[in-house]
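# Coordinate analysis (summary)
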Amino acid sequence: MYDNPDLARTTVTRDIKIAAHGCQVYYGDTHAIRDVDIDIEDKTVTAFIGPSGCGKSTFLRCLNRMNDTIDICRVEGDIRLDGEDIYDKRVDPVQLRAKVGMVFQKPNPFPKSIYDNVAYGPRIHGLARCKADLDEIVESSLRRAAIWGEVKDRLDAPGTGLSGGQQQRLCIARAVATEPEVLLMDEPCSALDPIATAQVEELIDELRGQYSVVIVTHSMQQAARVSQKTAFFHLGSLVEYGETGHIFTNPTDPRTESYITGRIG
Amino acid sequence: MTDVPFTDASSGPARPARTGSLLEADARTRRRNAAEARFRLYGIAAVGVGLFFLAALLYAIFSNGIGAFQQTGYTLQIEFREDVLDKTGNRDLEDIKSVKTFAYSPLLRAAMLREIETHGIDTPLADAKVTGFSSPLDKLFSDGARSTLRDMVLADPSLIGQTVAVRILASSRVDGYLKGRVSRESIERDKNLDAVHLDLIDKLREAGVATKGFNLAFITGPDASDARPEQAGLGVAMLGSLYMMIVVLALSLPIGVAASIYLEEFAPQNRFTDIIEVNISNLAAVPSIVFGILGLAVFIQFVHLPQSAPLVGGLVLTLMTLPTIIISTRASLKAVPPSIRDAALGVGASKMQAVFHHVLPLAMPGILTGTIIGLAQALGETAPLLLIGMVGFIASNYPDGAISGFLAPNSAMPAQIYEWAKRADPAFYERAWGGIIILLLFLMTMNIIAIILRRRFERRW
C-alpha cells in the first residue's frame, strides 16, 4: 500500500488516540464540517492543512469541545477519545479539556506572572500537593517548552511582557503543565517570526514523545517539517488523510494536489 | 491573467488629465479645505459656548454660595447670673432645666449693653425699654442664641455665677447686612431690623465685637426652622446621604455585578434574555420620579417601611442605579478579550473559574468606575426623595447610632438644598447655593476616585 516500507511500519505500531466518525458541525444554518472521518494516532504529530475557512480550526476545536462556548454551534456524529464518546451527556467538558490541552493562534498568556500562568492549570486541577510540587511542575513544564533558560530569573515578571515567541512557548508550557494526553495547536506559529517558529517546531517534535499532537497550519512547509500524518480539508470536508510524505509527494485527490502546488487556496 | 494591461482604468470614457502644479491647490481641494476649516470652527465654537456656560455656572455658584461658609457673630462676655438661672442656688439640674430659654434674654441684652458701654458707642438702643419679654436689642441676636446659652449651662452647670466669653450668632438680617445682602433701603419695610440697629452694627464692627467667622456649623450642623436661617446646616442631611449611599453600594454593587456576569457570560441567547437586555437599557432612561413613586407604593405603602427613612431612599436609589451599573459592568466584561476566556477554558478551567479568576479581575476597573458614577448619580438625585418624604424640615436631629441612621426620618443633601431654595428668606437662598458647593465637591471627589481607580487597576494585555 505504501511506497515507503518505513512509513508503513510506523503506522501499524501506533494506537488510535482520537477517532471521529461522521462528524458534522453547524453554525446556525451553515454546515461548516461535513462528514469527517479521521483516526488520530497517539504519539504522532498530525497536521491539518487547507485553505482559510475550510473548517480545520473548527474541527480542531471539536476535539476538546471548545465549540461548546459558541451558542449557535452544533456538533453531530461520534468523536471518541480512547474509545469514549466525548460528546456523551455524562462527559464534563472541563475534565475533557484537562486531558486535551490547547494552544491558540495568538499567544494569550494571562496578565499574571510567568509562574502563575503555568501554575494555574495544576492549581485548579489539584495536581500539586504543596508549594514544592508546584514549583517542580512549573519548572519541568517551562523546560519542556524550551523557555526555562530565558525566564528562570524572572518568574514573577508578567507573562504579557515577554516577546511573541516566548509568549507562545509560555502558552505551550501552560498547556503541558496540566499533563494532557493530546495537545491541540491552532496555527501556533502564525504570529511568530521564523526563529521563534523554528523553536516552537522543535518543541512540537519533542512533545511527540509523550503526546498526540494535532496542529492546524497554513504553512505547508511547516506541516511537512513537523508532522507524520497530514489531513487536507477543503470546504468543510476531509479530502485526504495519510502519511505526510505520501500527501506531499503523491496525493491521490486532485484537489489536494492543486492546493499543495499552489493552484487553489 | 498576466497579459491584462494595468491601464484598464483608462479604458472607459476619457477623463480630464490632472494638470496643474502641485504647488497650487485646485478648486476642488480648496473647497474641501474650506469645508474642513468650517467644521473645525463649529467645533471650537461649540466647545467655547460650553466652556462659557460652565464658567458662568461656576461663577454663579461660588459668588452666591461662598457667603454660606461665613457667619456673623458677636463675641460677648456673658455673665451667667445665679439669681436668674438657679434661684435656689443648689445647682439641681431639674431646677436649672425649669428655667426656659426666654429667661436667657436678659443675659444677652446685659452683655451687649456692657459692650456698648465699654466701647463708648452712642446709640438710642442703649436706653431701649423692655416691653413684656422683648426688647429692640433682641433683634440683633439669632433666635437660637438663647437656647445655645441654655444648652451650655445644662451641659456644664458650673458656668453659673461665672462670666465667660461666648460667640453669639447674629440674626440673619444682621448677617445679611455684613455680607451686603441687606441694605438700608431694603430694611425700610422690614420690621425685623431698623436703621438704628444698623448704626449700632457699624460701630460694633469697628470695635471688633461683630465679626464674620468660618461657619463650621453650616457643614456639620442640623437644619433649622424658617425663623433661624443663620443656624441651618447641612450636616444631618449629609449623614442621610451617607446612609443612603451605604444602602445603595451594599445592594447595587453585588446585585448589579452578579446580574451582569450572569447575563454576559452564562445566560443563553434567546428571546427572554433579549427582552431583559432591552428592558435594562430602557430602565436606565426611566425618569427618576417614577422610581420615587414605585418606592412610595412598594416600600412604604406595601412593605410599611418607615417614611422619610434613608433605608427607603437607599432602596429607591438602588433601583435607579442598578441599570447604570449593569450596563457599565457588561461593557467592561465585553471589553475583556475572548482569548483570555479561551486560554482559561483551554487549560481546563470551568466557566465560573474562567470568569472569576481571569475575566472579572480584568473588568474590575470598568466595574468600579461604573459603580462610582452610578453612586454619584444617586447622590445628586432629588426627585424620588420628594415622593418618599425625605424633603421638608426633617434633618433637624442627629441620628443616634447606625440603626436610627437608617430608619429615622432624615433628608439628603440635594433634598435639603431643594428645601432651602423654596423657603422665603433670602438667607436660605444663600445656604442653598452653599449646599450646592458642598454637593459638587462630593461629586468631584467621587469622580476623582473613579479616575484614580481606573488608572490604578488598568491592566495591560
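Because the structure is predicted, anything quoted here is derived from the model rather than measured.

A tally of regular secondary structure across chain B gives 18 helices and three strands. For chain B, with 461 residues in total, the buried portion stands at 36%. The long-range share in chain B, meaning contacts at least 24 apart out of those at least 6 apart in sequence, stands at 79%.

So, on to the overall build of chain A. Within chain A, the secondary structure is distributed over 11 helices and 10 strands. Structurally, chain A occupies a C-alpha span of about 55 × 40 × 35 Å along its principal axes. Here chain A, with 265 residues, has 46% of them falling under the buried criterion.

Okay, the interface of chain B and chain A next. At the interface, 18 residues of chain B touch 21 residues of chain A. Broken down by secondary-structure element, the contributors of at least two residues to the side of chain B that touches chain A are helix H13 (338-346) and helix H14 (351-379) of chain B. With six residues, H13 of chain B is the single largest residue contributor to the side of chain B that touches chain A.

Residues and elements named next belong to chain A. Across the five residues of strand E3 (residues 45-49), five count as buried, placing the element largely inside the fold. Taking every second residue as pointing to the same face, both faces of E3 are buried, with Val-45, Ala-47 and Ile-49 on one and Thr-46 and Phe-48 on the other. As paired elements, E3 and strand E8 (residues 212-216) share four bridges and run parallel to each other. Note that in E8 the partner of Ala-47 across the bridge is Ile-215.

Attention shifts here to the UniProt feature "transmembrane region" (unreviewed entry) in chain B. Residue and element names in this part refer to chain B. Summarizing the sequence annotation, UniProt attributes the feature "transmembrane region" (unreviewed entry) to residues 39-62, 242-263, 283-305, 311-333, 354-376 and 432-453 in the numbering used throughout. Overall, residues 39-62 shows 100% helix and 0% strand. The separation of its end C-alpha atoms is 35 Å. Helix and strand shares over residues 242-263 are 100% and 0% respectively, and the end C-alpha atoms of the span are 31 Å apart.

Often the size quoted for an interface is simply the accessible area lost on bringing the parts together. All names here are of chain B. Each domain of chain B was delimited in the assignment, giving domain 1 (71-213) and domain 2 (235-457). For domain 1 and domain 2, the distance between their C-alpha centroids amounts to 46 Å. Along the lines of polarity and charge, the residues of the side of domain 1 that touches domain 2 split into no nonpolar, two polar and two charged.

Moving on to the confidence of the model for chain B. The predicted model of chain B has a mean per-residue pLDDT of 88, with 96% of residues at 70 or higher. For this predicted complex, the interface confidence comes out at an ipTM of 0.84, alongside a pTM of 0.81.

Attention shifts here to helix H4 (residues 114-125) of chain A. The periodicity of an α-helix, 3.6 residues per turn, causes residues three or four places apart in sequence to face the same way. Of the residues making up H4 of chain A, those classed as buried are Ile-114, Asn-117, Val-118, Ala-119, Tyr-120, Gly-121 and Pro-122 of chain A. Along its buried surface, H4 of chain A packs onto helix H5 (131-144), helix H6 (148-151) and helix H7 (164-177) of chain A.

Quick notes on the rules
- Position numbers for residues count from 1 along each chain, tracking the sequence in the order it is written.
- Lettering for chains starts from A, numbering for ligands starts from 1, and both go in the order in which the items are written.
- With the structure being a predicted model, the display of local features is reserved for residues of pLDDT at least 70 and the display and counting of side-chain atom pairs for 80 or more, all residues being used for whole-chain, interface and lining totals.
- Secondary structure elements are defined from DSSP: runs of H or I of at least 4 residues count as helices, runs of E of at least 2 residues count as strands, and each element is numbered from the N terminus.
- Working definition of burial: number of other C-beta atoms within 10 Å of the residue's own, with buried at 20 or more, exposed at 12 or fewer, and partly exposed in between, all C-beta atoms being placed from the backbone.
- Two residues qualify as a contact pair if the distance between their C-beta atoms, derived from the backbone, is within 7 Å.
- Two strands qualify as a pair provided DSSP detects at least 2 bridges between them.
- UniProt positions are given in the numbering used here, feature names are shortened, and annotations may be inferred rather than shown by experiment.
- Source of the domain bounds: an automatic or database domain assignment.
- In this classification, Asp, Glu, Lys and Arg are treated as charged, Ala, Val, Leu, Ile, Met, Phe, Trp, Tyr, Cys and Pro as nonpolar, and every other residue, Gly included, as polar.
- Every residue carries a pLDDT, the predictor's confidence in it, which falls somewhere between 0 and 100.

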